[in-house]
Amino acid sequence: MKRVLSLGCLLCGIFLLLAGCSQKTVEKDTYYIGTWDGQERNILLLKEDGTYELGTESSGDRGTYEIHDETVSFTSETGSEYDHILYMDKYILRTAYEGELPEDDLFSATARSEARNAGVIMTFSEDGTVTRQIYITNISNQQISGTYSRDGERIICDFQIFGTYSFVVRDGILYDAYEKDEDYVPPTATPTAAPTDAAESAPTETPAVTPTETPEADPTATPTEAQEHTPTPEPTGTGGAE
């Protein structure tokens, strides 16, 4: 009986050890940039110490994270928990759109991210054109048009004055995604007035991310479209980071 118990405890210990080994963080502080709204202002910083900071033009979040194989699990300071997909060790996949995209460089397909009475619809045509419709039922309905190209797993949409949007395709599914950027340098502020002495001569650095409010609550949430002057749809669910 004692041998059975000892063997059981040993197997349990091995299981817990392996489970612990499957959790990791980045080897060094790493920035991931999301450009699904046309500007590189969706900044996700994974830190070596296991904490993260997330910032957009109007909101932000911070907390802790763990990497489990192909999943990044986030726990916000607000108590929210959510998972994103770590893809090719290069992308963190955020919002998944419904609808399968062909593997061709040019194709005809529709991808949707919708919940309740709001959503985003991406319509691709074989002639290389694309439209992005953002709507809130009975409130707003705006659409921008442009062209698109394919670069491996990336879909790059040029909406001209609205900017260049970047998406990632995994197993035929379109995602809003953060892309790892080894060379990203956070911006620094410039003085608003001429310094009066030497002590005031150096500009003050600003943090890479300045959270101001809680994150989205759903990994299927629609990204902010500030340059389109359109309210961001907020689907409900169990996760979501920006």
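Colleague: Let's hear about the environment of Glu-57: which residues, and what values?
Modeller: Within the fold, Glu-57 resides in the loop between strand 4 (51–55) and strand 5 (60–68). Note: C-alpha distance between Glu-57 and Glu-40 (17 residues apart in sequence) is 9.8 Å.

Colleague: Now, about the pattern of salt bridges: what can you tell me, with residues and values included?
Modeller: In the structure shown here, the tally under the stated rule is 10 salt bridges. A salt bridge links Asp-37 to Arg-41; its shortest N-O distance comes to 2.9 Å. Assessed through its relative accessible area of 0%, Asp-37 is described here as buried. The exposure class assigned to Arg-41 is buried, which follows from its relative accessible area of 12%. As a salt-bridge pair, Arg-154 and Glu-179 come within 3.5 Å of each other at their nearest N and O atoms. Pair noted here: Arg-154 is in strand 13 (residues 154–158) and Glu-179 is in strand 15 (residues 173–181), with a separation of 25 residues, a long-range link. Note on Glu-179: relative accessible area 22%, which makes it partly exposed. When salt bridges that share partners are traced, they join Lys-47, Glu-53 and Arg-62 into one network.

Each value, and the rule that gives it
- Residues numbered from 1 in each chain as written.
- Predicted model: local features only at pLDDT ≥ 70, side-chain atom pairs only at ≥ 80, totals over all residues.
- Heavy atoms only, no water.
- Helix = DSSP H or I, 4+ residues; strand = E, 2+ residues; numbered from the N terminus.
- Salt bridge = Lys/Arg side-chain N within 4 Å of Asp/Glu carboxyl O.
- Buried < 20%, exposed > 50% of the residue type's maximum accessible area, 1.4 Å probe, protein only.

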